[in-house]
Amino acid sequence: MSDQVARAIALSAAATNSKGQHLSPTELLNSFDGKIDRDALKELAGQSILEPRQFDRRTVVAIAQLSALLESRNVEMDKPLDGKIAITAFFEASTRTRLSFESAVLRLDGKVLSVPDGQVTGIAKGESLADIGEMFNTYGDVVIMRHPDTNCIDEIRKNLQRPLINAGNGSGHHPTQALIDWYALLKWRPELCSPNCPEEKRVHLGIIGTPGSMRAVKSFVRLALLFTGAVKKITVISELADPVGLDLNEPLEESPIPTEIVNDVREVLPHLDVIYVNSIAFLGDSYRNLDTRYKLDQDSELKSDAVILHPLARNEELSESLDCTDHNLYFAQAAGAVFVRQALLVSVLDRLDQISGISTP
Amino acid sequence: MSDQVARAIALSAAATNSKGQHLSPTELLNSFDGKIDRDALKELAGQSILEPRQFDRRTVVAIAQLSALLESRNVEMDKPLDGKIAITAFFEASTRTRLSFESAVLRLDGKVLSVPDGQVTGIAKGESLADIGEMFNTYGDVVIMRHPDTNCIDEIRKNLQRPLINAGNGSGHHPTQALIDWYALLKWRPELCSPNCPEEKRVHLGIIGTPGSMRAVKSFVRLALLFTGAVKKITVISELADPVGLDLNEPLEESPIPTEIVNDVREVLPHLDVIYVNSIAFLGDSYRNLDTRYKLDQDSELKSDAVILHPLARNEELSESLDCTDHNLYFAQAAGAVFVRQALLVSVLDRLDQISGISTP
Amino acid sequence: MSDQVARAIALSAAATNSKGQHLSPTELLNSFDGKIDRDALKELAGQSILEPRQFDRRTVVAIAQLSALLESRNVEMDKPLDGKIAITAFFEASTRTRLSFESAVLRLDGKVLSVPDGQVTGIAKGESLADIGEMFNTYGDVVIMRHPDTNCIDEIRKNLQRPLINAGNGSGHHPTQALIDWYALLKWRPELCSPNCPEEKRVHLGIIGTPGSMRAVKSFVRLALLFTGAVKKITVISELADPVGLDLNEPLEESPIPTEIVNDVREVLPHLDVIYVNSIAFLGDSYRNLDTRYKLDQDSELKSDAVILHPLARNEELSESLDCTDHNLYFAQAAGAVFVRQALLVSVLDRLDQISGISTP
């Protein structure tokens, strides 16, 4: 075994979560005989990643397959992003998401131009996002943007000619987080990939929060609607009269997946297979933390094999007392984030061919 | 065609502006038979880039030639900045200029130490610029600094032993921006390079703003004075009694190029070939935006072939309604910025020899 | 001589201090016949660097040896940190220390994920350090953290599985600075390495400040206690009744090195061989500058061959009038910082074998 390979394995071995369930990418890969749906990924070349609505189930599964391949092998040897520059433009500060993207780029030998805090910019001098997009054309090859304004996407794309990856736009969307969420679920239970998931493997999803004002939750639900043969019910638990919001009302009504809204978490908790929790809702320009009435801890009446997802960072709504239990899928979910972002970057920047040994079906 | 070359061409093809005139580097290169004035560039090795006064016309043209070569070929393959570290020390925040320099470094395989916001530093603990210069000696190979204090250059150079590139010092100078401005003009009309520019190609420059307190404008005018055979007149349009300021009064008086100051933009606008606009003036420690009386838009009475330059970011003084017209040279100007900064870095860090196939006259 | 080697030498030659004593690494290396105590360094593989107490004299000397090797040869050719990502997580901003670490990483071909100002993070949303540690597991290979809270180390290590390098924790420790301080002293007088340092080479250390609330000073004294055969006396000069503090009281009492506390700097100054000055003390959550009564300048009654150390940034306590004298060891001390941090990173990340031509005793 060469020194380089040994080093790669050492790296890979360590890159996992410290507590909770550990999710191996191998089972997911094996369920497809190690094959990747390359055609679905090829269609992402040169495309922007803006909102979950742009994906069908096949593409979500293909991204999960490539993520699993990237997680199981150290493809950084292949240097697939060599010569590419990613701009991480965080006009709304988020160290976690920014570093996750930047780590994805650097591990694959790409380079990073970092804007850690967009408030410290020419914008202070009144520069428009459209003009910033014009500048970015010559600075990098892909732009990863987070912005507090929901309309930022249209604004920057007036002049931007490079692919844009939306890392969260106001109360809009958070598509890469939703792909990360589903990567965790598909690793946890690969049968969910299939439109004909066996009855006993199908899941009842519980959403604690308000998809209408929580972009991560909204994007998660959007992808859930693609898995019609796998999701048997969606329950939204919220104190609000209309937690679902305009963007999701119609899709939920039109979906064959039954939906319900309940007020009391205790009523449904024992029936849920997957519980999605989030802490932060947008209210106009400000944040609002989740009502602590909906706090989950080790005394919550969870199904014995129920799993919890949380995009983190968390506040009081998710107790650390759950970290060492098998309900904790949120640490494994976080541990998969870099690989999903790598899969997206490799696809968008059209560098699939640089990854050696991809099997296609 | 190798995979690498194909990739390089793809990269290059996309790196241009979205709207307005497109400037090809080829015409400028061809006007010199593809040859570069290597001797002029060699003299920059190990030198600091502090103010436009240090350049003669020959050097400005040589930098434009190298910029054009860098823009026309993907010399990033040559990795000319391999092993070099550039420190971008922005004590006055400017994301656009910082990213432009950092992109220049990274594309040529150099590395970057980034100080995106110098206010978040040990300076808060009272550290002097002289001591910071001492530290930088061991951290990097070249320092790119922007600072709100005009005297910062002398201060940091008390101990700094590395070349310094001035990316804007208070109301002082902005030499790299001026080189970018002239790179755009020389690509637009290569005849301007010559001391014997044909009469019909010579230009009447209009400056909307106050060179005295606008460092970018001041540096642009300084370089304009080098092109005595090409600039037939300079008109400064300003509401102020003395918009020119101490630094420029004498050079303008001594120059063979006739100069005038007017108050009303409408009076001269129809006669100008090139209009330079800027939005920001320094007034002591603060900024002041340009009086909106001097706003340019699609209804302004411009000569049909007049072009507008603006260092951006802009405010109200330059309307987006001009973006899709051929008057818009400012987007092409911005698109050339990275290449000019690369040309400077390669020259200052003495890495011209790493660039394959440079023809010398 | 190859082009690469010539370039390397040019780099190395320039990387030194502008004023004060110049310290060559050669003499230190020669005093060990160019040999490195590789076994001592191998024990650091995978370890965190948390506080000076974890080191014995042998390890401190081995780190100094490797630092000297790195300073004397351009081992960046060996690219010993290739494929490794360091996260510089500065929750307390310090541009100098951050850039010093980042330069160390980049020069050895590692990569950097930078958090220049931790206040601009998800922490603003209430994220715990423990959760941040969990995230870092998948982002990088080593975490370099500075934090205003003394308890931060335990907190982040709840979930962090990567080696942690403490770059300053509140009023706690600053072990890498202490190693840098001692690297300067051992280069200045290699005889101090030996447990049987000749009488005339032994040093009387003076500490101007309060080790109890100054982490850099506290860590420096901690390492001083390891050099029992070389340090003949430690004098703390402070206006406070108990400047030494809880952490150091017992170790100082138990040490064979005699200690004293004095109030008046003039009383002891003429007897000191090495004077350690610092400017900043922690008082709960805030800083406090050193009382200017203890200001050193060119008129201070120093022994003719006395040397001054200061971790910088400085304020009024250390006058620039001393910069051009041979008392100035603080610039040479700063010039050694990058090499000590490189030595630590290479050891912790187990990449000693990537450095060609290390001789072992």
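Structural notes, computed from the coordinates. (Residues numbered from 1 in each chain as written. Chains lettered and ligands numbered in written order. Predicted model: local features only at pLDDT ≥ 70, side-chain atom pairs only at ≥ 80, totals over all residues. Heavy atoms only, no water.)

Here we take up the overall build of chain A. A tally of helices and strands in chain A yields 13 helices and 11 strands. When contacts within chain A are restricted to residue pairs at least 6 apart in sequence, long-range pairs at least 24 apart make up 75% of them. As displayed, chain A offers around 12400 Å² of accessible surface, 45% of which is attributable to carbon and sulfur atoms. (Helix = DSSP H or I, 4+ residues; strand = E, 2+ residues; numbered from the N terminus. Contact = heavy atoms within 4.5 Å. Areas by Shrake-Rupley, 256 points an atom, 1.4 Å probe, with all protein chains shown as cover.)

Residues and elements named next belong to chain B. Closest axis-to-axis distance for the helix α5 (residues 95-107)/helix α13 (residues 337-348) pair is 8 Å, and the angle between their directions is 60°. Relative to α13, the element α5 is oriented oblique. Two packed elements cross with a definite hand, and for α5 against α13 that hand is right-handed. Every residue of α13 that contacts α5 at T97, S100, F101, S103, A104, V105 and R107 is listed here: A337, V338, R341, Q342 and L345. Looking at side-chain class alone, the contact of α5 with α13 contains six nonpolar, four polar and two charged residues. (Axes fitted to C-alpha atoms, helices over the stretch in contact; angles between N-to-C directions. Parallel < 35°, antiparallel > 145°, perpendicular 65-115°, else oblique. Left-handed = near helix turned anticlockwise from the far one by under 90°. Nonpolar A, V, L, I, M, F, W, Y, C, P; charged D, E, K, R; others polar.)

Right, let's get into the packing of helix α6 (residues 129-139) of chain B against helix α5 (residues 95-107) of chain C. Where α6 of chain B contacts α5 of chain C, the two axes come as close as 9 Å, and the packing angle between them is 15°. In terms of their interaxial angle, α6 of chain B and α5 of chain C are classed as roughly parallel. The hand of the α6 of chain B/α5 of chain C crossing is right-handed. Counting all contacts with α6 of chain B, which are made through M135, F136, T138 and Y139 of chain B, the residues of α5 of chain C involved are R96, L99, S100, S103 and R107 of chain C.

What follows deals with the interface of chain A and chain B. A common way to state how big an interface is: give the accessible area lost once the parts meet. Taken together, the contact between chain A and chain B spans 33 residues of the former and 36 residues of the latter. For the pair chain A and chain B, the summed buried area comes to about 2900 Å², and 50% of that belongs to carbon and sulfur atoms. Our count for the chain A to chain B interface comes out at three salt bridges. Among the ionic pairs, D141 of chain A bridges to R107 of chain B, the shortest N-O distance being 3.0 Å. Between chain A and chain B we count 11 residue pairs in polar contact (both at pLDDT 80 or more) in total. (Buried area = accessible area lost by both parts, 1.4 Å probe. Salt bridge = Lys/Arg side-chain N within 4 Å of Asp/Glu carboxyl O. Polar contact = N/O pair within 3.5 Å; in protein donor to acceptor, adjacent residues only side chain to side chain.)

Here we take up the relation of the copies chain C and chain A. You can overlay chain C on chain A at an RMSD of 0.0 Å; the transform is a turn of 120° with a shift of 0.0 Å along its axis. As the rotation angle and translation indicate, the two copies are arranged about a three-fold axis. Residue P116 of chain C, judged by its C-alpha, is the member of chain C lying nearest the rotation axis, at 4.7 Å. When the interface residues of chain C are mapped onto chain A, a mere 3% of them are again interface residues, pointing to distinct binding faces. (Least-squares fit on C-alpha atoms with pLDDT ≥ 70 in both.)

Before going further, it helps to spend a moment on the sheet that holds strand β4 (residues 164-169) of chain C. An order of β2-β1-β3-β4 (chain C) is seen for the four strands of this open sheet, with the pairing classed as parallel. Each end of this open sheet is capped by a strand with a single partner; those strands are β2 (111-115) and β4 of chain C. Pairwise comparison of adjacent strand axes, ignoring direction, gives a mean angle of 10° for this sheet. Relative to β2 of chain C, strand β1 (residues 85-90) of chain C runs parallel, the two sharing five bridges. By the bridge assignment for β2 of chain C, I87 of chain C is matched with L113 of chain C. Its contacts with the sheet place helix α5 (residues 95-107) of chain A against β1 and β2 of chain C, and it is angled at close to 170° to β2 of chain C. (Pairing = 2+ DSSP bridges.)

Attention now goes to the pairing of strand β3 (residues 142-147) of chain B. All names here are of chain B. By the criterion of burial, β3 is predominantly enclosed, with six of the six residues buried. Both faces of β3 are covered, namely the face carrying V142, I144 and R146 and the face carrying V143, M145 and H147. As defined by bridge partners, strand β1 (residues 85-90) adjoins β3 across five bridges and the pair is classed as parallel. Bridging from a neighbouring strand, A86 pairs with V142 of β3. As defined by bridge partners, β3 adjoins strand β4 (residues 164-169) across four bridges and the pair is classed as parallel. Bridged to I144 within β4 is I165. (Buried < 20%, exposed > 50% of the residue type's maximum accessible area, 1.4 Å probe, protein only.)

On to the interface of chain C and chain A. Contacts between chain C and chain A engage 33 residues on the former and 36 residues on the latter. The interface formed by chain C and chain A contains three salt bridges. Where K111 of chain C meets D109 of chain A, a salt bridge forms, and the shortest distance between an N and an O atom there is 2.6 Å. On the surface where chain C and chain A come into contact, there are 11 residue pairs in polar contact (both at pLDDT 80 or more). The set of elements that each furnish at least two residues to the side of chain C that touches chain A consists of β1, β2 and α6 (129-139) of chain C. Ranked by residue count, the leading element in the side of chain C that touches chain A is α6 of chain C, at seven residues.

All right, on to the relation of the copies chain A and chain B then. Placing chain A over chain B gives an RMSD of 0.0 Å and needs a rotation angle of 120°, together with 0.0 Å of translation along the axis. In this assembly, only 3% of the residues forming the interface of chain A have copies in chain B that are likewise at the interface, indicating a heterologous arrangement.

The next point concerns the environment of E43 of chain C. Residue and element names in this part refer to chain C. Within the secondary structure, E43 sits in the loop between α3 (38-42) and α4 (57-72). Residue classification places E43 among the exposed positions, given a relative accessible area of 60%. Separated by 304 residues in the primary sequence, E43 and S347 place their C-alpha atoms 8.2 Å from one another.

Glancing now at the sheet that holds strand β5 (residues 203-208) of chain B. Residue and element names in this part refer to chain B. Judged by pairing direction, the sheet is parallel, and its five strands sit side by side in the order β7-β6-β5-β8-β11 without closing on themselves. The open sheet terminates on both sides in strands that have one partner only, identified here as β7 (259-262) and β11 (307-309). Taken pair by pair, the neighbouring strands of this sheet meet at an average axis angle of 20°, ignoring direction. Bridge count for β5 against strand β8 (residues 274-277) is four bridges, and the pairing is parallel. Its bridge partner lying in β8, I208 is registered against V277.

Omega for the peptide link from L312 of chain B to A313 of chain B comes to 0°, which places this bond in the cis form. Within the chain, D350 of chain C stands out as a residue other than glycine whose phi angle is a positive 60°. Inspection of the secondary structure assignment puts D350 of chain C in the segment after α13 (337-348). Given the relative accessible area of 41%, D350 of chain C is considered partly exposed.

Time to look at the pattern of salt bridges. Within this structure, the stated rule accounts for 66 salt bridges over all chains. Between K303 of chain B and D273 of chain B there is a salt bridge, with the nearest N and O atoms lying 2.6 Å from each other. With K303 of chain B in the loop between β10 (286-289) and β11 and D273 of chain B in the loop between α11 (265-268) and β8, this residue pair connects regions lying 30 residues apart in the sequence. Judged by relative accessible area, K303 of chain B falls into the partly exposed class, the value being 30%. Overall, D273 of chain B belongs to the buried group, its relative accessible area being 6%. One salt bridge connects K42 of chain C with D350 of chain C, and the closest N-O pair in it is separated by 3.4 Å. Note that K42 of chain C is positioned in helix α3 and D350 of chain C in the segment after α13, a separation of 308 residues in sequence.

Functional significance is not addressed by these values, which are geometric in nature.
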